[in-house]
Amino acid sequence: MYLSHYNLVEKPFQITTDPKFLWPGEKYQEALAMLKYAVLHSKGFVLLTGDVGTGKTTLINTLQRGLDSSIIVATVVDPNLEILEFFSFLQTAFEIGAKFTKKVDFLTNFREFLNNAYENNKKVLLIIDEAQKLSIELLEEIRVLSNIEKGNTKLLNIFFVGQNEFAKTLTEKESRALRQRITITHQIKPLTESETAEYIKYRLKVAGTEEEIFTKKAIHGIYAFSRGYPRLINIICDHVLLTGYVRGLKTINPAIIKECAKELTIPGETRPNHLQARALRGKHERKPLRRVALYACLLLMIAFCGYLFNAPGFKDKIATRFYATRPRPSKEAHQEGVPQRYRANLAMLERGRGDAIDPEEEMINSGEGVSGGDEKLIIPFRYNTSELREKAFDTIDRLAAVMIKNPDMEIVVKGYTDAIGSPPYNKNLSELRANSVKKYLVAKGISPLRIQAVGMGEENPLKPNTTPAGRWENRRVEIELQP
């Protein structure tokens, strides 16, 4: 209806998952690259999470469009199924001709299908959308499917795509075996305000125009309404363009955004009113006299405090009272300082570890303990994988408990590799290892803002890479605790 009015060739803000409208921003390009890497390198289980309306399905559709014929793909859009129903869907989606009435028959046919695909140099990808609907029983059956391997290669790649609460499901005790098999995880977050502006501009360009239809203040209002969720951005922008067309407007201003936001808000729905109010009112709506009065009061207070501070004897009186009343630190506390507190926390982690050391782990003197300094934990990894080992979970769980008790504590997680492989590959693998630890801690309730994950590649080897023992010791993640 409004296309010719805005010089558009198609609607730019349709509520669809058309891949051509996927905004090529850093968030989505990073996620897309991660998914492609997981398919091409047969990484097995991959987890992609995000809140409702963040663009997960659009991202998956874009991924499928970019895959060639060597990838056999099936997508489950509603996994709220019984076990046999799920198997039946896989049989149809992958075009497995053989019929079955029992689970054992399906597994036999499915194994044969995967082996045939492997022999014909094809990879098999199963995408499970809305993964938060999966039952614990079906999750366990899916885990069993992933055990089908050949030549140390996963014959089935499974992508879990779901809302953020699915990550909590995976941390439950019943799902621990599956959680350990997830090699790559990624969370899509809402857009920032600047990203929202780029998102709108890009979709308008795809739809046929590069004109500035929305003013900067209007985009500010759109961000306040949508909070950076692409689906909500599409909804309000489409509604606003229609309203602007009806009124004969070529440019959308904040008043139109405010009006449409009210129309789209359901009665009783709660929204960040303080953010909306700040975004939807212009400078002309503020009361200048109130601001002037506020500034005048602040200046008077500053002047009065300056007078008191410079009054004769005032500074000496305050200093005397402060030093007389503040508690004096003990000599022991002064000697220990901040680092000692963290050494005590790490000692607690060490005392909690009672696992037996397997023969491979004996190559590292400290196992998963302190190395290279009193404020550093080391988590070892097996060759060419970013999957956390069983023995690492207890250590990281205890670290999470310490961080919860000490909310000011922050950590730096550095991933490392041995020297086998190309530097770019090792760099990427080291980042995946660091993010494996970070995302496990986030799933335990630790804020991601307290965790810095860095991929160091093959830098800073602990031992020479000329021996198996040395390479094993260099395949690690180092966790540095920071006050």
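Worth saying up front: this structure is predicted, and the values here are computed from it rather than measured.

A few points about the pattern of salt bridges
1) Next: All told, the structure shown has 14 salt bridges when counted by the stated rule.
2) Next: The residue glutamate 149 makes a salt bridge to lysine 154 at a minimum N-O spacing of 2.8 Å.

Points about the confidence of the model for the protein chain
1) Next: Residues of the protein chain with pLDDT of at least 70 account for 79%, and the chain-wide mean is 81.
2) Next: No element of the protein chain has a lower mean pLDDT than helix α12 (residues 273–280), at 43, and none a higher one than strand β3 (residues 123–128), at 95.
3) Next: Of the regions scoring below 50 in pLDDT, residues 318–338 engages in two contacts with residues more than four places distant in sequence or in other chains.
4) Next: In the model, residues 352–374 has pLDDT below 50 throughout and makes 49 contacts with residues more than four positions away in sequence or in other chains.

Focus on empty space enclosed by the protein
1) Next: Here the structure, examined in full by the defined rule, presents one cavity of 30 Å³ or more.
2) Next: Approximately 50 Å³ is the volume found for the largest cavity.
3) Next: Ile136, Leu139, Glu140, Glu174, Ser175, Arg176, Ala177 and Leu178 are the residues that line the largest cavity.
4) Next: Breaking the lining of the largest cavity down by element, the ones donating at least two residues are α5 (136–145) and α7 (176–179).

Examining the side chain of serine 430
1) Next: The residue serine 430 is located in helix α17 (residues 423–443) in this model.
2) Next: With residues near it in sequence (within four places) discarded, serine 430 still touches Gly415, Tyr416, Thr417, Val454, Gly455, Met456 and Gly457.

A closer look at the sheet that holds strand β7 (residues 182–188)
By definition, the strands of a sheet pair up through backbone hydrogen bonds, in either a parallel or an antiparallel sense.
1) Next: In space, the five strands of this open sheet follow the order β2-β3-β6-β1-β7, with parallel pairing throughout. Among the strands making up the open sheet, the edge pair consists of β2 (71–76) and β7. On average, each strand axis in the sheet is tilted by 15 degrees relative to the strand beside it, whichever way the strands run.
2) Next: Examined bridge by bridge, β2 and β3 share six bridges and lie parallel to one another. From the neighbouring strand, valine 76 faces β3, where its bridge partner is isoleucine 128.
3) Next: Contacting β2, β3 and β6 (156–162), helix α4 (residues 103–119) crosses the sheet at an angle of about 125 degrees to β3.

A few points about the packing of aromatic side chains
1) Next: All told, the structure shown has 13 aromatic pairs when counted by the stated rule.
2) Next: Ring geometry for tryptophan 23 versus tyrosine 28: centroids 6.2 Å apart, planes at 80 degrees, classification edge-to-face. Of the two residues examined, tryptophan 23 and tyrosine 28, each falls in the buried class.
3) Next: Measuring from ring centre to ring centre gives 5.3 Å for phenylalanine 106 and phenylalanine 110, while their planes differ by 20 degrees; the resulting arrangement is stacked. In this pair, phenylalanine 106 and phenylalanine 110 both sit in helix α4, four residues apart, roughly one turn of the helix.
4) Next: Joined through ring pairs, the aromatic side chains of Phe86, Phe87, Phe94, Phe100, Phe106, Phe110 and Phe113 make up one cluster.

A look at the sheet that holds strand β10 (residues 451–455)
1) Next: Taken in spatial order, the four strands line up as β8-β11-β9-β10 in an open sheet, and their pairing is mixed. Edge strands, defined here as strands with exactly one partner in the open sheet, are β8 (376–380) and β10. Across this sheet, the average inter-strand angle for adjacent strands is 20 degrees, counted without regard to direction.
2) Next: Sheet analysis places strand β9 (residues 410–416) next to β10, joined by five bridges and oriented parallel. Bridge assignment links isoleucine 411 to a residue of β10, and that residue is isoleucine 451.
3) Next: In this fold helix α16 (residues 390–405) packs onto β8, β9 and β11 (476–482), with an angle of close to 150 degrees to the strand it touches most, β8.

A closer look at the pairing of β6
1) Next: Most of β6 sits out of view: seven of its seven residues are buried.
2) Next: Residues Leu156, Ile158, Phe160 and Gly162 of β6 are buried on one face, and the alternating residues Asn157, Phe159 and Val161, pointing to the opposite face, are buried as well.
3) Next: Relative to β6, strand β1 (residues 45–50) runs parallel, the two sharing five bridges. For leucine 47, the partnering residue across the bridge sits in β6 and is phenylalanine 160.
4) Next: Across five bridges, the pairing between β3 and β6 is parallel. Paired with isoleucine 128 across the strands is phenylalanine 160, a residue of β6.

What counts and how
- Residues numbered from 1 in each chain as written.
- Predicted model: local features only at pLDDT ≥ 70, side-chain atom pairs only at ≥ 80, totals over all residues.
- Heavy atoms only, no water.
- Salt bridge = Lys/Arg side-chain N within 4 Å of Asp/Glu carboxyl O.
- pLDDT = per-residue confidence, 0-100.
- Helix = DSSP H or I, 4+ residues; strand = E, 2+ residues; numbered from the N terminus.
- Contact = heavy atoms within 4.5 Å.
- 1 Å grid on protein atoms, 1.4 Å probe; cavity = no way out; pocket = protein on both sides within 12 Å on 5 of 7 lines; lining within 4 Å.
- Points joined across faces, edges and corners; volume = space filled by probe spheres on them.
- Pairing = 2+ DSSP bridges.
- Axes fitted to C-alpha atoms, helices over the stretch in contact; angles between N-to-C directions.
- Phe/Tyr/Trp six-rings, centres within 6.5 Å; stacked < 30°, edge-to-face > 60°.
- Buried < 20%, exposed > 50% of the residue type's maximum accessible area, 1.4 Å probe, protein only.

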